[in-house]
Structure formats: C-alpha cells, structure tokens
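Listed below are the residues making up each chain.
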Amino acid sequence: MKRIALHWQVIIALVLGIIYSILAVQYGWQEFTKSWIDPFGSIFINVLKLIAVPLVLFSIISGIGSLKNIKQLGRVGVKTLLIYVGTTMSAIIIGLFCVNLIQPGNYPSDESRLEKRIEYELWLRDNPDVPRLDKECYSCKEENAELVASVIERISREGVNEDVADKIRKAKEKKAKGPLQPLVDVVPPNIILALAEMEMLQIIFFAVFFGLVLIMIDKKKSKAVSRLIDGLNEVFIAMVNIVIKTMPFFVFALMAGSLVKAAGDNLDKLQEQLVFLLNYSWVVVFGLALVAFVLYPTLVKIFVKGMSMKGFLRGISRAQLTAFSTSSSMATLPVTMETVHDNLNVPKSISSFVLPIGATVNMDGTSLYQGVAVVAMAQFHMIELDIAQQIVIVLTATLASIGAAAVPSAGLVLMIVVLESVGLNPAWIAIILPVDRILDMCRTVVNVTGDATVSSLIASSESEAL
Ligand code: ASP
C-alpha cells in the first residue's frame, strides 16, 4: 500500500482532533480527554522545546563558523531586523485596512453597543487620568438612566475577572522598566540561567559572542571545540527529524486537548457576545490569510530567484501545521529550521541566525491581530479611532509583538499595552478571550511563515556572499 505523505497524515490528524473535540464536548468526555489525551499534547510541546534551546545555541555557533567574514554577520543582522520591522508594520497596516473597511465592531445590535459604550464611560469616570477620545456622553442622557443603573449592577455582580487582572498586572510590570531595559535584558548575567529560562535573545547573544570568539582564536585550539559543536548540532537536527515523524499522533492529541479545554472554559461567555466575536474573528483570519498567502508568497516570488509561490507554501507547510497545532513559534522553531533549510534551500549560516531571532521578535500575525482587535473593540464600544490613534496602534503593536514571548497567548497579554496606549480599557481583553486560542493558532502560523519568508529573502540577497 502506498504510504500517505506526512503532511497529509498531519492534516488528517488535525481534522480528526477537531471532530473528536466536538464529540467530546457534546457527549461529556471532557475529563477523559483532559486526563488521557491532553498530556500527549504537552509531551509533544515539551520535546520540541527541549530540542529548541540547544539547537539554537549550537546551530548559531556552527553557523557563524561557516560565514565568510564577520562583516557579513553585521550586515545580515541589520538587514534581518529592518525587514522584520518592515513586514510587521505591513501586516498591521493590512489588518487596520481590513478592520476599518469591514467594521466588525459595528455589527452587534445598537442596544448591546450602547450598553458597551456606557460601560466604557463608567470606566472613564473611575479613571480620570485617561484622556477622553470623544465628547459624547451617553451615560449623562436622561433616557439612558435605567440602562446605566443596570450596567452598574451587572459590573458589581460580575466583580473583577482575576485572570484578566493578573494579565494587566504582568503587562504593567513589563512597562514599568526604563527605556534601555530591553537592551539590558539581552545580556545574560548567567548563561545557565538563560538556558534554563529559555530566554532566547540572551541565548542568541551568548551564541553569537561565543561563535565570534571561536573563529578569532588560534585554529589549533578552536578545532576540537568546533568539531564537537558541529557534531552536537547534527544530533539535535536528527532529533527533530525523529520527532517530526511522530507528529500525526501528537497533533491529534494537541488539537483534541486544547479545543476541549478552550470550549469548557469559555462556552457560556462565548454565547453572550457571539455576533461580535464571529465578525471580529473572521476579519482577523481574513487579514492573516492575506499576509500568509498573498503578501509573503509575493515577496518571495519577487525577491527570491527560482522560487514559485506554490513551491514556497508547499515547502513550509510542515512548519505551518506545527505552528497551528502548538500555538507557539518557539516550540515550532526546530521544525521551522529544518523545513527552511531542507525545502527552501536556505543555508544554515543564515537560517540558524535569522530564524531564532525571528521566533522571538518577528510576530506579524500577532501584531495584525492586536491592531484588528483594538479597533474592532473600539467600534463595539461606539468609539471611532482617528488616523493619529491608529498610527499609535501601528507603533505600539509593533513594539508589543517584538516584546511578546513566542508562547501561547503572549499576544493577548501584550495587547493590554496597545489598548492603554490609545486610552482604552485594558480589561477588554476579557471580551476576546473566548476565541483567543483558535486565533492564537492562526496567528502563530503567520508568525512562523513570516520568519521563513524573511530568511529566504536574506538568503537570496546574500547568495553572492555565501
Ligand atoms: N502564540 C504566538 C506565537 O508563539 C504568540 C501570540 O500571538 O500569542 O508566535
């Protein structure tokens, strides 16, 4: 019998996982799923993360060894960062264009929008430091007095959402540090600690430093170390290949486990705001699809010689499927590194450097989603954001996506910063929480595809020097 290709096996597993989770929710198999299926998903993510850290460390060091000269490293570094910022901003602009055109926040009924508006005005009253975005005052109007009273009653009944309050606290802690703190954070005081905490930028800093010194010192002394590192690198690459072969089974477990958990947590809330959530979600997915299937393949077609749009998308499909099922660019990193090297022919000296940086700082999907979410929620609360405020969103969402960790839900936490930057209520993240997991899966696919795109662009622009 002909074997089904691995990517088809993964797609089938993914679909089976979705079907299973629907059945599980319907027939009450949640506990069974959580105890007996979900742990396999966690095992898969753990193994990928286990490989990611040493793989980044050794592949950067051995990648630097294969660079022609040190100048090339500086040039590649600057180019990488500039293109990453460029693609991130393009993604947010595409998102803002979609959300302003489709206006998903205007779809819910006028009554529910008025209720949201009053909620926002009451929040403004409690936070006098926050600037008002317009002069309207619906809560002051006589005819709304009854509605205002019922909103006040509902807010006090619901109390504080502890989960959201915790996320706001975390985002504030991050913001409270000084302007040069991100630079300080890149330099690890202790490399073992950086490895243990999976601080990717710190690990990259150490690996580049180590790799550079290794090529500077006497060849006789460095030879043994270089060979050891090259050998270790090969071991971790072989580990990725083994893990990839087992993907279908684990992807089923991941999908089943995460969807059952997400449905269990949020189904009630989901029904409350269904119209808004559905419209908002499809705009996010539409924007993400434009970036993943139009922007990136077009960039590749224009700038990478001999690469067709189809060839590019087929080449990275395995990394995309892993991103979709893990919701984590970091866990997907080993697979991205493999597929970009094997299928897109990006040399290791480029991919080993560009991809780990990308997994940490380049999150085009996350930034697009943040832009769409903030504007859509403002629309839902009857607030029009002008051009200046939307430019602020482009800038803060770029920074927030750079600062977001490459793990599930990181983009949601950092959205608090974007909401605050335009004077909106950070607790609004609770509104979109019910659909966050599924959108997280989709935006992670775009984040990973963006990294792969940029590494192809860089490799093509450096092809003469390689
Ligand atoms: N899950 C995303 C990633 O790992 C980050 C996010 O948007 O939450 O790329």
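Look up a bit, the structure's there.
Asker: Explain the overall build of the chain here, please?
Answerer: Regarding its fold elements, the chain presents 21 helices and 0 strands. Here the chain has a C-alpha radius of gyration of 23 Å; the compact-globule value for 466 residues is 23 Å, and the two agree. The principal-axis extent of the C-alpha atoms belonging to the chain is close to 85 × 55 × 45 Å. Of all 466 residues assigned to the chain, the portion counted as buried reaches 52%. By sequence separation, contacts in the chain at least 24 residues apart represent 82% of the contacts at least 6 residues apart. By element, 66% of the accessible surface of the chain is carried by carbon and sulfur atoms, the whole surface being about 22,000 Å².

Asker: Any chance you could explain the state of the cysteines here in plain terms?
Answerer: What is meant by a disulfide is a covalent connection between two cysteines, made through their sulfur atoms. One pass over the structure, following the stated rule, counts 1 disulfide. Between the sulfur atoms of cysteine 137 and its disulfide partner cysteine 140 the distance amounts to 1.8 Å. Sign of the S-S torsion, about 70° for the bond between cysteine 137 and cysteine 140, identifies this disulfide as right-handed. Residue class for cysteine 137 comes out partly exposed when judged on its relative accessible area of 22%. The class for cysteine 140 is exposed, based on a relative accessible area of 54%. No disulfide involves cysteine 442; its sulfur sits 14 Å from that of cysteine 98, the nearest cysteine.

Asker: Would you mind going over the pattern of salt bridges with me for this structure?
Answerer: Oppositely charged side chains can pair when the atoms bearing their charge come close. Scanning the entire structure with this criterion turns up 9 salt bridges. One salt bridge connects glutamate 121 with arginine 117, and the closest N-O pair in it is separated by 2.7 Å. In this pair, glutamate 121 and arginine 117 both sit in helix H4 (residues 110–126), 4 residues apart, roughly one turn of the helix. As far as burial versus exposure is concerned, glutamate 121 and arginine 117 are alike and both buried. Salt bridges here are not isolated pairs; linked through shared partners, they connect Glu115, Lys116, Glu119 and Arg154.

Asker: It is not clear to me how the site of the ligand should be interpreted in this structure. Could you clarify?
Answerer: Taken together, 14 residues sit near the ligand, with Ser329, Thr366, Gly411, Asp440 and Arg443 positioned nearest. With respect to the ligand, the backbone of glycine 411 contributes an N or O atom lying 2.7 Å from an oxygen atom. Considering the ligand on its own, with 270 Å² of exposed area, one finds that the protein chains cover 100% of that surface. Elements supplying a minimum of two residues to the shell around the ligand: helix H19 (410–421) and helix H21 (436–461). With 4 residues, H21 is the single largest residue contributor to the shell around the ligand. For the shell around the ligand, the residue count by class is 4 nonpolar, 8 polar and 2 charged.

Asker: Please clarify how the nonpolar core should be interpreted in this entry.
Answerer: One broad trend across soluble globular proteins is that nonpolar side chains are buried collectively. Membership of the largest hydrophobic core comes to 132 residues, with the highest contact counts inside it found for Phe276, Tyr280, Val374, Leu385, Met415, Leu424 and Ile432. Discounting chain neighbours no more than four positions away, the residues touching leucine 424 are Tyr120, Trp123, Leu133, Val374, Ala378, Ile383, Leu385 and Leu419.

Asker: How should unusual backbone geometry be read in this particular structure?
Answerer: Glycine aside, the phi torsion of most residues is negative, and most peptide linkages are trans. The backbone of serine 327 shows a phi angle near 55°, a positive value even though the residue is not glycine. Its location among the elements puts serine 327 in the loop between helix H14 (317–326) and helix H15 (329–343). Residue asparagine 345 is not a glycine yet carries a positive backbone phi of 55°. Examined against the element boundaries, asparagine 345 turns out to sit in the loop between H15 and helix H16 (348–361).

Asker: Is there a simple way to explain the environment of serine 35 in this structure?
Answerer: Within the secondary structure layout, serine 35 lies in helix H2 (residues 30–65). Expressed as a C-alpha distance, the spacing of serine 35 and glutamine 9, which sit 26 residues apart in the sequence, is 25 Å.

Asker: Any chance you could explain H15 here in plain terms?
Answerer: Residue pairs three or four apart in sequence face the same way in an α-helix, which turns once every 3.6 residues. Approximately 35° is the largest bend angle found in H15, and it occurs at valine 335. With 12 of its 15 residues buried, H15 lies for the most part within the structure. All of the buried residues along H15 are Ser329, Met330, Ala331, Thr332, Leu333, Pro334, Val335, Thr336, Met337, Glu338, Thr339 and Val340. Two residues or fewer past H15, asparagine 345 is found with a positive phi of approximately 55°.

Asker: Even after reading the chapter, I still don't get the side chain of arginine 443, so can you show me in this structure?
Answerer: Considering the arrangement of structural elements, one finds arginine 443 in helix H21. Leave out the neighbours within four places in its chain, and arginine 443 touches Leu288, Gly365, Thr366, Tyr369, Ser409, Gly411, Leu412 and Asp436.

Asker: What exactly am I supposed to notice about a nonpolar patch on the surface here?
Answerer: Judged by side-chain polarity, Ile4, Trp8, Ile12, Val15, Leu16, Ile19, Leu23, Tyr27, Trp29, Phe32 and Trp36 come together as a nonpolar surface patch covering roughly 1,100 Å² of accessible area. Of all the elements in the fold, those that place two or more residues in the nonpolar patch are helix H1 (6–27) and H2. Mapped onto the secondary structure, leucine 16 falls in helix H1. Note on leucine 16: relative accessible area 46%, which makes it partly exposed.

Asker: Please clarify how the packing of helix H12 (residues 274–303) against helix H17 (residues 364–380) should be interpreted in this entry.
Answerer: Two quantities define a packed helix pair, namely the angle between the helix axes and the distance between the axes. One way to put it is that H12 packs onto H17 with a least axis distance of 10 Å and a crossing angle of 150°. Taken together, the axes of H12 and H17 are roughly antiparallel relative to one another. In this structure, H12 meets H17 at a crossing whose hand is right-handed. Two secondary-structure elements touch here, H12 through Phe276, Tyr280, Val283, Val284, Gly287, Leu288, Val291 and Tyr296 and H17 through Asp364, Gly365, Leu368, Tyr369, Val372, Ala373, Ala376, Met377 and Phe380. For the contact of H12 with H17, the class distribution of residues is 14 nonpolar, 2 polar and 1 charged.

Asker: Looking at this structure, I do not really get the packing of aromatic side chains. What am I missing?
Answerer: In this description, a pair of aromatic rings is defined by centroid distance and the angle of the planes. Counting across every chain of the model gives 14 aromatic pairs. Seen in terms of ring centroids, phenylalanine 58 and phenylalanine 236 are 5.9 Å apart; in terms of plane orientation they differ by 25°. Their pairing is stacked. You can see phenylalanine 58 sitting in helix H2 and its partner phenylalanine 236 sitting in helix H10 (residues 219–245), a full 178 residues away along the chain. Considered together, phenylalanine 58 and phenylalanine 236 belong to a single accessibility category, that of buried residues. Between the aromatic rings of phenylalanine 276 and phenylalanine 380, the centroid separation amounts to 4.4 Å while the plane-to-plane angle is 10°, which identifies the pairing as stacked. Residue phenylalanine 276 is found in helix H12, and its partner phenylalanine 380 is found in helix H17; the two are separated by 104 residues along the sequence. Taken as a pair, phenylalanine 276 and phenylalanine 380 share a single burial class, namely buried. Put simply, the rings of Tyr20, Tyr27, Trp29 and Phe252 touch in pairs and so form one group of aromatic residues. The ring of tyrosine 138 carries lysine 141 above its face, with NZ or CZ at 4.5 Å from the centroid. Just above the ring of tyrosine 369 sits the side chain of arginine 443; from NZ or CZ to the centre is 3.9 Å.

Cut-off values and rules
- Residues numbered from 1 in each chain as written.
- Predicted model: local features only at pLDDT ≥ 70, side-chain atom pairs only at ≥ 80, totals over all residues.
- Heavy atoms only, no water.
- Helix = DSSP H or I, 4+ residues; strand = E, 2+ residues; numbered from the N terminus.
- Rg over C-alpha atoms; globule rule 2.2 N^0.38 Å.
- Buried < 20%, exposed > 50% of the residue type's maximum accessible area, 1.4 Å probe, protein only.
- Contact = heavy atoms within 4.5 Å.
- Areas by Shrake-Rupley, 256 points an atom, 1.4 Å probe, with all protein chains shown as cover.
- Disulfide = S-S within 2.5 Å.
- Salt bridge = Lys/Arg side-chain N within 4 Å of Asp/Glu carboxyl O.
- Near = heavy atom within 4 Å.
- Polar contact = N/O pair within 3.5 Å; in protein donor to acceptor, adjacent residues only side chain to side chain.
- Nonpolar A, V, L, I, M, F, W, Y, C, P; charged D, E, K, R; others polar.
- Core = buried A, V, L, I, M, F, W, Y, C linked by side-chain atoms within 4.5 Å.
- Bend = angle between axes of the 7 residues up to and from the residue.
- Patch = residues over 30% accessible without salt bridge, like charges linked within 9 Å, V, L, I, M, F, W, Y side chains within 5 Å.
- Axes fitted to C-alpha atoms, helices over the stretch in contact; angles between N-to-C directions.
- Parallel < 35°, antiparallel > 145°, perpendicular 65-115°, else oblique.
- Left-handed = near helix turned anticlockwise from the far one by under 90°.
- Phe/Tyr/Trp six-rings, centres within 6.5 Å; stacked < 30°, edge-to-face > 60°.
- Lys NZ or Arg CZ within 6 Å of the ring centre and 35° of its normal.

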